[in-house]
Amino acid sequence: MAFARTCSVALVGVDGVIVEVQADLEPGVAAFTLVGLPDKALSEARDRVRAAVVNSGEAWPQRKLTVGLSPASVPKSGSGFDLAVACAVLAAAERLDPSSIADLLIIGELGLDGRVRPVRGVLPSVLAAADAGYQRVVVAEQTAAEASLVPGVTVIGVRSLRQLVAVLTGMPEPEEPPDPIGGRPDPLMAGLMLPTAGVRGLPDDKAARLDLADVAGQYEARRALEIAAAGGHHLYLKGPPGAGKTMLAERLPALLPPLTQKEALEVTAVHSVAGLLPAGRPLIDSPPYCAPHHSTTMPAIVGGGSGLPRPGAVSLAHRGVLFLDEAPEFPVRVLDALRQPLESGEVVIARSAGSLRLPARFLLCLAANPCPCGRHSRRGEGCECTPAMVGRYQGRLSGPLLDRVDLQVQVAPVTRAELMERDSTAESTETVAARVLAARERAAARLANTPWRTNAEVPGHELRTRWQLTPGALDDAARQLERGLLTARGLDRVLRVAWTVADLAGHDRPDQRDVRTALVLRTGVEQGMPLPEGSISRFGTPGRLGGGEPRTDQPGTAKRTQSRTRRSAAATASGAMADQPSEGEGEGDEA
Ligand SMILES: Nc1ncnc2c1ncn2[C@@H]1O[C@H](COP(=O)(O)OP(=O)(O)OP(=O)(O)O)[C@@H](O)[C@H]1O
Ligand SMILES: [Mg+2]
């Protein structure tokens, strides 16, 4: 028999498509044709496979060889078909029994010496195989643990083609030293990836050491972090350099509820396709954190690149946190590109062969200094930016992006007293995360039988009509609406946050205090209202959430003497600015 077939998988985004690999040998002049929409890396499979077969001690059939990959309409990229092609050729040449590979699904790149190299996207590939009913898959030894995450599939991890041939023919397995390069797929070696420059996560060991208790002071910002995690609200931290914005953002993923098994597989699949699964940790089961630098390229943020498209930062942060530090420094088109994933939870990448979708449902955390030099809010400390520069800088983030950010918080510089008097009252990540989890469960129970799972997802109209607040709860917000301090859209966001505040407090529906807290966190506008009783110890300090006087209509007109009140005044000014950005508005707080 001069024909054999086996199967492999093509990746379309993070979805696998089963591809049949057929080899046909005909009498004639020795030639090797590969058909079925291969890309460049795959076309080179001919040379790799031939060298690998010969260097594994097998004879290369000197006949007319055609290898077809079907369905031919699915574009196929990369080197992951090598091993399947080699097995099909050896079976067509009767070196292997064709029936031994007919029900196998084979994924792996071949080195010229016959070694099997790992490739990207093994988890989604094996998930697709399991869905299609395959029970046995062959992968490179390094990706066997990842493939084994899929239930109901027997995984054969191999080091070389020689070893696989021995397994399939029932011969003694040859001694193979482990791959000297070892570890994970090396995407750059496979020529498939963009450089990862600028797309940073947190190393596992560092992430484990981060605790919210390390953050001194910053009661409002800590509270905002808790609410963001509980309701899935996007968050914008504004404040001078060194106030702890990055510190806070890095502690946000650990406050999110642990991933469910299904979510963990989704996240792992994305990281697998990116070739970024950490060695020795096949399953990512906690919310990821991705903090791209503002100089990062557009494809690195949204995904793309030549060959097998690579997930960008928005997808690497799927089910976790996307942190944009110095957000106004990001190119406007990058910020614009975030709108689609924020809206739909996925990003669409246009390719010549059609567009593909990658998951991108993340919690967005933005951080920004008050002005290009960062000193704007500190009175008299040498800010050299003109009002126009300050306005322009803050204006870069205005509009449709900020419309989706429910929480906008002023992060004041931490005071010496706060930094020095670090006592044990600052709550730990564990304590806050437990509250977040309870609040999420409350929201999930209320939102059962709706398409939404967190408060942040609920559309404003539904929020206003479907669930009732305590009578009178909205009075303050309504007053602000009438005075033009809040837009109708702003009111919806206040409502969303108020429900999360209520969920955290264990209230069945938001009361006036919950709405006030939401108002402060939405606009930075202070209400001069006491904290709810339970939250006094929660924040580690008695006092007021805003800590300042009732808001005056003209920011900065009140006389302020206390340093804390001064800082709050800056919050007032920039809170007003967030709703109605205009040049030079920040000047008010210096009065
Ligand atoms: N609230 C705080 N509690 C404890 N340490 C802090 C706090 N704020 C800042 N620090 C210290 O200052 C360092 C810098 O903080 P961080 O990088 O989070 O500031 P930032 O607001 O992100 O500044 P930038 O705007 O320059 O990015 C931290 O690593 C920490 O050592
Ligand atoms: Mg920072």
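## Focus on the overall build of the protein
Phase 1 of the analysis: Scanning the protein for helices and strands turns up 25 helices and 19 strands.
Phase 2 of the analysis: The proportion of buried residues among the 591 residues of the protein is 54%.
Phase 3 of the analysis: Long-range contacts, defined as pairs at least 24 residues apart, comprise 72% of the intrachain contacts of the protein with a sequence gap of at least 6.
Phase 4 of the analysis: A total of about 24100 Å² of accessible surface is found on the protein, and carbon and sulfur atoms cover 52% of it.

## Section: the pattern of salt bridges
Phase 1 of the analysis: Tallying each qualifying case throughout the model produces 24 salt bridges.
Phase 2 of the analysis: Put simply, Glu-427 and Arg-435 hold a salt bridge, and the shortest N to O gap is 2.8 Å.
Phase 3 of the analysis: Overall, the relative accessible area of 15% leaves Glu-427 in the buried class.

## Re the site of ligand 1
Phase 1 of the analysis: In the vicinity of ligand 1 there are 17 residues, among which Ala-216, Gly-242, Lys-245, Thr-246 and Met-247 approach most closely.
Phase 2 of the analysis: Gly-242 places a polar main-chain atom, nitrogen or oxygen, 2.7 Å from an oxygen atom of ligand 1.
Phase 3 of the analysis: Within the side chain of Asn-369, one N or O atom sits 3.0 Å away from an oxygen atom of ligand 1.
Phase 4 of the analysis: The element contributing the most residues to the shell around ligand 1 is helix H10 (residues 245-250), with 3 residues.

## Considerations on helix H9 (residues 219-231)
Phase 1 of the analysis: Here H9 is 13 residues long and its end C-alpha atoms lie 18 Å apart, about the 18 Å a rise of 1.5 Å per residue gives.
Phase 2 of the analysis: Within H9, 12 of the 13 residues are buried, leaving the element largely enclosed by the surrounding structure.
Phase 3 of the analysis: Of all the residues in H9, the buried ones are Glu-220, Ala-221, Arg-222, Arg-223, Ala-224, Leu-225, Glu-226, Ile-227, Ala-228, Ala-229, Ala-230 and Gly-231.
Phase 4 of the analysis: Count one or two residues on from H9 and you reach Gly-232, which has phi positive near 70 degrees.

## Quick notes on the side chain of Asp-514
Phase 1 of the analysis: Structurally, Asp-514 can be placed in helix H23 (residues 512-523).
Phase 2 of the analysis: Despite being buried, Asp-514 has no salt bridge partner; Arg-223 is the closest side chain of opposite charge, sitting 6.1 Å away.
Phase 3 of the analysis: Discounting chain neighbours no more than four positions away, the residues touching Asp-514 are Ala-498, Val-501, Ala-502, His-507 and Arg-509.

## Describing the coordination of the magnesium ion (ligand 2)
Phase 1 of the analysis: Protein coordination at the magnesium ion (ligand 2): the donors are Thr-246 (OG1) and Asp-325 (OD), at 1.9 to 2.6 Å from the metal. Here Asp-325 lies in the loop between strand E15 (321-324) and helix H14 (332-337) and Thr-246 lies in helix H10, a separation of 79 residues in the sequence.
Phase 2 of the analysis: Classification of Thr-246 by relative accessible area gives partly exposed; the value is 30%.

## Topic: the nonpolar core
Phase 1 of the analysis: The biggest cluster of nonpolar side chains holds 52 residues, and the ones touching the most others in it are Leu-235, Leu-252, Leu-255 and Cys-365.
Phase 2 of the analysis: A total of 8 residues in this core trace back to one element, the largest contributor, which is helix H22 (residues 488-505).
Phase 3 of the analysis: Setting aside residues no more than four positions away along its own chain, Leu-235 makes contact with Ala-224, Leu-225, Ala-228, Leu-252, Leu-364, Cys-365, Leu-366, Val-405, Leu-407 and Val-409.
Phase 4 of the analysis: With 43 residues, the next largest nonpolar core counts Ala-52, Ala-86, Val-158 and Leu-168 among its residues.

## Here's the deal with helix H21 (residues 475-482)
Phase 1 of the analysis: Buried residues of H21: Asp-476, Ala-477 and Gln-480, and no others. Down the axis of H21, the buried side of the element spans an arc of 95 degrees, and every buried residue falls inside it.

## Observations regarding the packing of aromatic side chains
Phase 1 of the analysis: Taken as a whole and judged by the stated rule, the model has 2 aromatic pairs.
Phase 2 of the analysis: Judged by centre distance (5.5 Å) and plane angle (40 degrees), the ring pair of Phe-32 and Trp-60 falls under tilted. Here Phe-32 is found in strand E3 (residues 31-35), whereas its partner Trp-60 is found in the loop between helix H2 (45-55) and strand E4 (64-70), with 28 residues between them in sequence. Taken individually, Phe-32 and Trp-60 each receive the classification buried, so the pair is uniform in this respect.

## A closer look at the packing of H9 against H22
Packed helix pairs are characterised by how far apart their axes lie and by the angle those axes make with each other.
Phase 1 of the analysis: Running from N to C, H9 and H22 point in directions that differ by 95 degrees, and their axes come no closer than 9 Å. Considered as vectors, H9 and H22 are oriented roughly perpendicular to each other. Counted together, Arg-223, Glu-226, Ile-227, Ala-230 and Gly-231 of H9 and Val-497, Thr-500, Val-501 and Leu-504 of H22 form the full contact between these two elements.
Phase 2 of the analysis: Of the residues in the contact of H9 with H22, the class split is 5 nonpolar, 2 polar and 2 charged.

What counts, and at which threshold
Residues numbered from 1 in each chain as written. Chains lettered and ligands numbered in written order. Predicted model: local features only at pLDDT ≥ 70, side-chain atom pairs only at ≥ 80, totals over all residues. Heavy atoms only, no water. Helix = DSSP H or I, 4+ residues; strand = E, 2+ residues; numbered from the N terminus. Buried < 20%, exposed > 50% of the residue type's maximum accessible area, 1.4 Å probe, protein only. Contact = heavy atoms within 4.5 Å. Areas by Shrake-Rupley, 256 points an atom, 1.4 Å probe, with all protein chains shown as cover. Salt bridge = Lys/Arg side-chain N within 4 Å of Asp/Glu carboxyl O. Near = heavy atom within 4 Å. Polar contact = N/O pair within 3.5 Å; in protein donor to acceptor, adjacent residues only side chain to side chain. Expected span 1.5 Å × (residues − 1). Lys, Arg positive; Asp, Glu negative; His and termini not counted. Donors = N, O, S within 2.8 Å, 3.2 Å for Na, K, Ca; no water. Core = buried A, V, L, I, M, F, W, Y, C linked by side-chain atoms within 4.5 Å. Arc of directions from axis to C-beta. Phe/Tyr/Trp six-rings, centres within 6.5 Å; stacked < 30°, edge-to-face > 60°. Axes fitted to C-alpha atoms, helices over the stretch in contact; angles between N-to-C directions. Parallel < 35°, antiparallel > 145°, perpendicular 65-115°, else oblique. Nonpolar A, V, L, I, M, F, W, Y, C, P; charged D, E, K, R; others polar.

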